[in-house]
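If you want the building blocks of each chain, they are given just below.
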Amino acid sequence: MIDRKKVLEIRGVNAYYEKQVLYDINFCIYENEIMGLVGESGCGKSTLSRAILGLGERTEGEIIHHTSRPQMIFQDPYASLNPVKKVGWILEEPLRLKGGSSKAGRREAVLDMLKKVGLEEKIAARLPRELSGGQRQRVSIAAALIGGSRFIIADEPVSALDVTVQAQIMELLLKLADEFKLSYLFISHDLNVIYQMCDRLIVMKEGRIVEEGTVDQVFTHPQNPYTRQLLELEK
(Lines give C-alpha, C1' and ligand atoms only; values in the text may rest on other atoms or scores of the structure.)
Protein backbone atom coordinates (compact mmCIF):
# COMPACT_ATOMS: atom_id res chain seq x y z
CA MET A 1 0.00 0.00 0.00
CA ILE A 2 2.81 2.44 0.81
CA ASP A 3 3.99 2.39 -2.82
CA ARG A 4 0.62 3.45 -4.19
CA LYS A 5 -0.10 7.07 -5.02
CA LYS A 6 -2.58 8.91 -2.84
CA VAL A 7 -5.50 10.68 -4.46
CA LEU A 8 -6.85 12.13 -1.19
CA GLU A 9 -5.51 12.83 2.28
CA ILE A 10 -7.73 13.85 5.18
CA ARG A 11 -5.82 15.16 8.19
CA GLY A 12 -7.45 16.18 11.44
CA VAL A 13 -10.69 17.40 9.89
CA ASN A 14 -13.37 18.81 12.16
CA ALA A 15 -16.66 20.26 10.94
CA TYR A 16 -19.34 22.36 12.58
CA TYR A 17 -22.92 23.43 12.05
CA GLU A 18 -24.65 24.70 15.19
CA LYS A 19 -22.40 22.21 16.98
CA GLN A 20 -19.45 20.03 16.07
CA VAL A 21 -20.41 17.19 13.71
CA LEU A 22 -17.04 15.75 12.60
CA TYR A 23 -14.22 14.98 15.04
CA ASP A 24 -10.56 14.56 14.03
CA ILE A 25 -11.13 12.64 10.79
CA ASN A 26 -7.98 11.08 9.31
CA PHE A 27 -7.64 8.73 6.33
CA CYS A 28 -6.22 8.37 2.82
CA ILE A 29 -7.60 7.05 -0.46
CA TYR A 30 -5.18 5.60 -2.99
CA GLU A 31 -5.13 5.35 -6.77
CA ASN A 32 -7.52 2.74 -8.19
CA GLU A 33 -8.96 2.01 -4.74
CA ILE A 34 -12.57 1.82 -3.61
CA MET A 35 -12.96 3.04 -0.05
CA GLY A 36 -16.28 2.25 1.62
CA LEU A 37 -17.91 4.56 4.15
CA VAL A 38 -20.71 3.26 6.38
CA GLY A 39 -22.60 4.47 9.40
CA GLU A 40 -26.14 5.22 10.49
CA SER A 41 -28.03 8.30 9.32
CA GLY A 42 -26.69 11.45 10.96
CA CYS A 43 -23.22 10.03 11.63
CA GLY A 44 -21.52 12.63 9.43
CA LYS A 45 -21.13 10.82 6.08
CA SER A 46 -22.78 13.60 4.05
CA THR A 47 -20.92 16.32 5.95
CA LEU A 48 -17.64 14.58 5.19
CA SER A 49 -18.57 14.34 1.49
CA ARG A 50 -19.38 18.04 1.37
CA ALA A 51 -16.09 18.89 3.05
CA ILE A 52 -14.13 16.84 0.50
CA LEU A 53 -16.00 18.59 -2.32
CA GLY A 54 -15.12 21.96 -0.82
CA LEU A 55 -18.70 22.71 0.18
CA GLY A 56 -18.24 22.57 3.93
CA GLU A 57 -18.70 26.05 5.32
CA ARG A 58 -17.14 25.53 8.74
CA THR A 59 -14.32 23.02 8.61
CA GLU A 60 -10.80 22.88 9.95
CA GLY A 61 -7.91 20.53 9.24
CA GLU A 62 -6.36 19.54 5.92
CA ILE A 63 -8.08 18.06 2.86
CA ILE A 64 -5.38 17.43 0.27
CA HIS A 65 -6.31 16.46 -3.29
CA HIS A 66 -3.47 14.81 -5.20
CA THR A 67 -5.53 14.60 -8.38
CA SER A 68 -8.40 16.50 -9.95
CA ARG A 69 -11.29 17.51 -7.73
CA PRO A 70 -13.77 14.70 -7.19
CA GLN A 71 -17.09 14.43 -8.94
CA MET A 72 -20.28 13.15 -7.35
CA ILE A 73 -22.71 10.36 -8.17
CA PHE A 74 -25.89 10.88 -6.16
CA GLN A 75 -28.50 8.52 -4.75
CA ASP A 76 -31.29 10.13 -6.77
CA PRO A 77 -30.12 10.65 -10.35
CA TYR A 78 -33.34 12.41 -11.35
CA ALA A 79 -32.77 15.15 -8.77
CA SER A 80 -29.14 15.60 -9.84
CA LEU A 81 -29.82 15.92 -13.60
CA ASN A 82 -31.20 19.10 -15.18
CA PRO A 83 -34.80 18.08 -15.97
CA VAL A 84 -35.25 20.51 -18.88
CA LYS A 85 -32.03 19.65 -20.73
CA LYS A 86 -31.43 16.66 -22.95
CA VAL A 87 -28.82 14.10 -21.98
CA GLY A 88 -26.45 15.23 -24.74
CA TRP A 89 -26.48 18.80 -23.43
CA ILE A 90 -25.98 17.61 -19.83
CA LEU A 91 -22.91 15.58 -20.77
CA GLU A 92 -21.48 18.22 -23.09
CA GLU A 93 -21.75 21.07 -20.58
CA PRO A 94 -18.67 20.09 -18.49
CA LEU A 95 -16.64 19.97 -21.70
CA ARG A 96 -17.91 23.42 -22.78
CA LEU A 97 -16.95 24.84 -19.40
CA LYS A 98 -13.55 23.18 -19.54
CA GLY A 99 -12.86 24.56 -23.02
CA GLY A 100 -10.28 23.47 -25.52
CA SER A 101 -12.48 21.26 -27.69
CA SER A 102 -14.61 21.83 -30.77
CA LYS A 103 -18.34 21.19 -30.94
CA ALA A 104 -17.68 18.11 -33.06
CA GLY A 105 -15.07 16.91 -30.56
CA ARG A 106 -17.45 17.40 -27.65
CA ARG A 107 -20.20 15.52 -29.47
CA GLU A 108 -17.86 12.63 -30.17
CA ALA A 109 -16.78 12.55 -26.50
CA VAL A 110 -20.44 12.49 -25.36
CA LEU A 111 -21.33 9.58 -27.63
CA ASP A 112 -18.18 7.69 -26.60
CA MET A 113 -19.00 8.16 -22.91
CA LEU A 114 -22.59 6.99 -23.43
CA LYS A 115 -21.19 3.82 -24.98
CA LYS A 116 -18.79 3.31 -22.07
CA VAL A 117 -21.67 3.43 -19.55
CA GLY A 118 -23.77 1.02 -21.62
CA LEU A 119 -26.21 3.45 -23.26
CA GLU A 120 -27.15 3.84 -26.92
CA GLU A 121 -26.38 7.03 -28.85
CA LYS A 122 -30.09 7.87 -29.14
CA ILE A 123 -30.19 8.48 -25.37
CA ALA A 124 -28.40 11.80 -26.06
CA ALA A 125 -31.62 13.21 -27.53
CA ARG A 126 -33.79 12.31 -24.52
CA LEU A 127 -34.76 14.17 -21.38
CA PRO A 128 -34.04 12.61 -17.97
CA ARG A 129 -37.75 11.97 -17.36
CA GLU A 130 -37.84 9.79 -20.48
CA LEU A 131 -35.30 7.38 -19.00
CA SER A 132 -35.57 4.53 -16.51
CA GLY A 133 -33.93 4.85 -13.09
CA GLY A 134 -31.04 2.67 -14.19
CA GLN A 135 -30.52 4.69 -17.36
CA ARG A 136 -30.55 7.94 -15.38
CA GLN A 137 -27.92 6.59 -13.01
CA ARG A 138 -25.76 5.60 -15.99
CA VAL A 139 -26.08 9.18 -17.29
CA SER A 140 -25.04 10.48 -13.84
CA ILE A 141 -21.98 8.23 -13.93
CA ALA A 142 -21.15 9.49 -17.42
CA ALA A 143 -21.51 13.10 -16.23
CA ALA A 144 -19.11 12.45 -13.35
CA LEU A 145 -16.48 10.94 -15.65
CA ILE A 146 -16.65 13.01 -18.80
CA GLY A 147 -14.66 15.95 -17.44
CA GLY A 148 -11.69 13.71 -16.72
CA SER A 149 -11.94 13.35 -12.94
CA ARG A 150 -10.53 10.08 -11.68
CA PHE A 151 -11.81 10.43 -8.11
CA ILE A 152 -15.52 9.87 -7.62
CA ILE A 153 -17.68 10.19 -4.51
CA ALA A 154 -20.59 7.76 -4.91
CA ASP A 155 -23.29 8.59 -2.35
CA GLU A 156 -25.68 5.62 -2.06
CA PRO A 157 -25.55 5.21 -5.85
CA VAL A 158 -27.60 2.00 -5.99
CA SER A 159 -29.96 2.28 -3.02
CA ALA A 160 -32.84 3.78 -5.07
CA LEU A 161 -32.68 1.00 -7.68
CA ASP A 162 -34.27 -2.43 -7.74
CA VAL A 163 -32.06 -5.43 -7.04
CA THR A 164 -31.44 -6.41 -10.68
CA VAL A 165 -30.51 -2.88 -11.72
CA GLN A 166 -28.38 -2.49 -8.58
CA ALA A 167 -26.25 -5.43 -9.68
CA GLN A 168 -25.86 -3.97 -13.18
CA ILE A 169 -24.78 -0.55 -11.89
CA MET A 170 -22.33 -2.09 -9.41
CA GLU A 171 -20.82 -4.17 -12.21
CA LEU A 172 -20.53 -1.03 -14.35
CA LEU A 173 -18.82 0.95 -11.57
CA LEU A 174 -16.28 -1.84 -11.08
CA LYS A 175 -15.63 -2.09 -14.83
CA LEU A 176 -15.12 1.68 -15.12
CA ALA A 177 -12.81 1.65 -12.09
CA ASP A 178 -10.57 -0.82 -13.90
CA GLU A 179 -10.80 0.90 -17.28
CA PHE A 180 -10.10 4.44 -16.05
CA LYS A 181 -8.06 3.59 -12.92
CA LEU A 182 -10.66 5.34 -10.81
CA SER A 183 -10.75 5.83 -7.07
CA TYR A 184 -14.10 5.90 -5.29
CA LEU A 185 -15.32 6.99 -1.90
CA PHE A 186 -18.33 4.69 -1.87
CA ILE A 187 -20.99 5.61 0.70
CA SER A 188 -23.66 3.06 1.54
CA HIS A 189 -25.78 1.84 4.41
CA ASP A 190 -25.86 -1.64 2.83
CA LEU A 191 -22.94 -3.70 4.08
CA ASN A 192 -23.54 -6.39 1.46
CA VAL A 193 -23.01 -3.77 -1.25
CA ILE A 194 -19.90 -2.49 0.54
CA TYR A 195 -18.49 -6.03 0.75
CA GLN A 196 -18.96 -6.58 -2.98
CA MET A 197 -17.64 -3.18 -4.06
CA CYS A 198 -14.90 -2.02 -1.73
CA ASP A 199 -11.24 -2.69 -0.97
CA ARG A 200 -11.14 -0.90 2.38
CA LEU A 201 -13.79 0.36 4.74
CA ILE A 202 -14.32 3.21 7.20
CA VAL A 203 -17.03 2.93 9.86
CA MET A 204 -18.35 6.20 11.29
CA LYS A 205 -20.41 6.79 14.42
CA GLU A 206 -21.48 10.18 15.78
CA GLY A 207 -18.96 12.08 13.66
CA ARG A 208 -15.97 9.88 14.47
CA ILE A 209 -14.18 7.08 12.65
CA VAL A 210 -14.50 4.07 14.94
CA GLU A 211 -12.98 1.44 12.64
CA GLU A 212 -10.90 1.25 9.47
CA GLY A 213 -9.40 -1.69 7.62
CA THR A 214 -9.66 -3.91 4.61
CA VAL A 215 -13.15 -5.19 3.93
CA ASP A 216 -12.09 -8.73 4.85
CA GLN A 217 -10.50 -7.58 8.11
CA VAL A 218 -13.52 -5.56 9.20
CA PHE A 219 -16.10 -8.18 8.22
CA THR A 220 -14.16 -11.12 9.66
CA HIS A 221 -12.64 -9.55 12.77
CA PRO A 222 -14.52 -6.33 13.67
CA GLN A 223 -12.79 -4.53 16.53
CA ASN A 224 -15.43 -2.01 17.54
CA PRO A 225 -18.73 -2.96 19.22
CA TYR A 226 -20.61 -0.62 16.88
CA THR A 227 -19.17 -2.39 13.82
CA ARG A 228 -20.17 -5.76 15.28
CA GLN A 229 -23.67 -4.38 15.83
CA LEU A 230 -23.94 -3.24 12.19
CA LEU A 231 -22.77 -6.63 10.97
CA GLU A 232 -25.26 -8.43 13.20
CA LEU A 233 -28.10 -6.37 11.76
CA GLU A 234 -27.18 -7.55 8.25
CA LYS A 235 -27.52 -11.23 9.18
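Rules of the game
Every chain is numbered independently, its residues counted from 1 as its sequence is written. Thresholds applied to this predicted model are a pLDDT of at least 70 for local features of residues and 80 or more for the giving and counting of side-chain atom pairs; totals over whole chains, interfaces and linings are not thresholded and use all residues. Only hydrogens and water are set aside; all other atoms, that is, all heavy atoms of the structure, feed into the side-chain values. UniProt positions are given in the numbering used here, feature names are shortened, and annotations may be inferred rather than shown by experiment. Helix axes are fitted to C-alpha atoms over the stretch in contact, other axes to C-alpha atoms as well, and angles between N-to-C directions run from 0 to 180 degrees. Each helix is a run of H or I in the DSSP string that is no shorter than four residues. Each strand is a run of E no shorter than two, and both are numbered from the N terminus. Roughly parallel here means an angle under 35 degrees, roughly antiparallel means over 145, roughly perpendicular means 65 to 115, and every remaining angle is called oblique. The crossing is said to be left-handed when, going from far helix to near helix, the turn is anticlockwise and less than a right angle, and right-handed when the turn is clockwise. Whether two residues are in contact is decided by their heavy atoms, any of which lying within 4.5 Å being enough. When residues are grouped by polarity, Ala, Val, Leu, Ile, Met, Phe, Trp, Tyr, Cys and Pro land in nonpolar, Asp, Glu, Lys and Arg in charged, and all others, Gly among them, in polar. Salt bridge, as applied in this entry: a Lys or Arg side-chain nitrogen positioned within 4 Å of an Asp or Glu carboxyl oxygen. Only protein chains enter the accessibility calculation, which uses a 1.4 Å probe; a residue is then buried when its area is under 20% of its type maximum, exposed when over 50%, and partly exposed in between. Aromatic pairing here means that ring centres of Phe, Tyr or Trp (its six-membered ring) are within 6.5 Å. Orientation follows from the plane angle: under 30 degrees is stacked, over 60 is edge-to-face, and everything else is tilted. Here, a charge over a ring means that NZ of Lys or CZ of Arg falls within 6 Å of the ring centre while also lying within 35 degrees of the ring normal.

- As recorded by an unreviewed UniProt entry, the protein carries the name ATP-binding cassette domain-containing protein and is attributed to Diplocloster modestus.
- Recorded in UniProt for the protein, the comment headed Sequence similarities (unreviewed entry) runs: "Belongs to the ABC transporter superfamily."

**A look at the packing of helix α5 (residues 133–145) against helix α6 (residues 163–180)**
Each pair of packed helices gets described by two things: the angle between the helix axes and the distance between those axes.
Here is step 1: Direction vectors running N to C along α5 and α6 enclose 20°, while the axes themselves pass 10 Å from each other. For the element pair α5 / α6, the angle class is roughly parallel. Crossing angle aside, the handedness with which α5 passes α6 is right-handed. When α5 is examined against α6, the residues Gly134, Gln137, Arg138, Ile141 and Leu145 are found in contact with a partner set consisting of Val165, Gln168, Ile169, Leu172, Leu173, Leu176 and Phe180.
Here is step 2: Among the residues forming the contact of α5 with α6, the class breakdown is 8 nonpolar, 3 polar and 1 charged.

**Structural notes on the pattern of salt bridges**
Here is step 1: In this structure the tally under the stated criterion is 11 salt bridges.
Here is step 2: A salt bridge links Arg200 to Glu33; its shortest N-O distance comes to 2.6 Å. You can see Arg200 sitting in strand β8 (residues 200–205) and its partner Glu33 sitting in the loop between β2 (20–30) and β3 (34–38), a full 167 residues away along the chain. Each member of the pair, Arg200 as well as Glu33, carries the same accessibility label: buried.
Here is step 3: When salt bridges with common partners are traced through the structure, they connect Lys6, Glu9, Arg11 and Glu62 into a single cluster.

**Some points on the packing of aromatic side chains**
Here is step 1: In the structure shown here, the tally under the stated rule is 1 aromatic pair.
Here is step 2: Between the aromatic rings of Tyr195 and Phe219, the centroid separation amounts to 4.9 Å while the plane-to-plane angle is 55°, which identifies the pairing as tilted. Of this pair, Tyr195 sits in helix α7 (residues 191–197) while Phe219 is found in helix α8 (residues 215–220), placing the two residues 24 residues apart along the sequence.
Here is step 3: Between the NZ or CZ atom of Lys85 and the centre of the ring of Trp89, over which it lies, the distance is 4.7 Å.
Here is step 4: Between the NZ or CZ atom of Arg208 and the centre of the ring of Tyr23, over which it lies, the distance is 3.8 Å.

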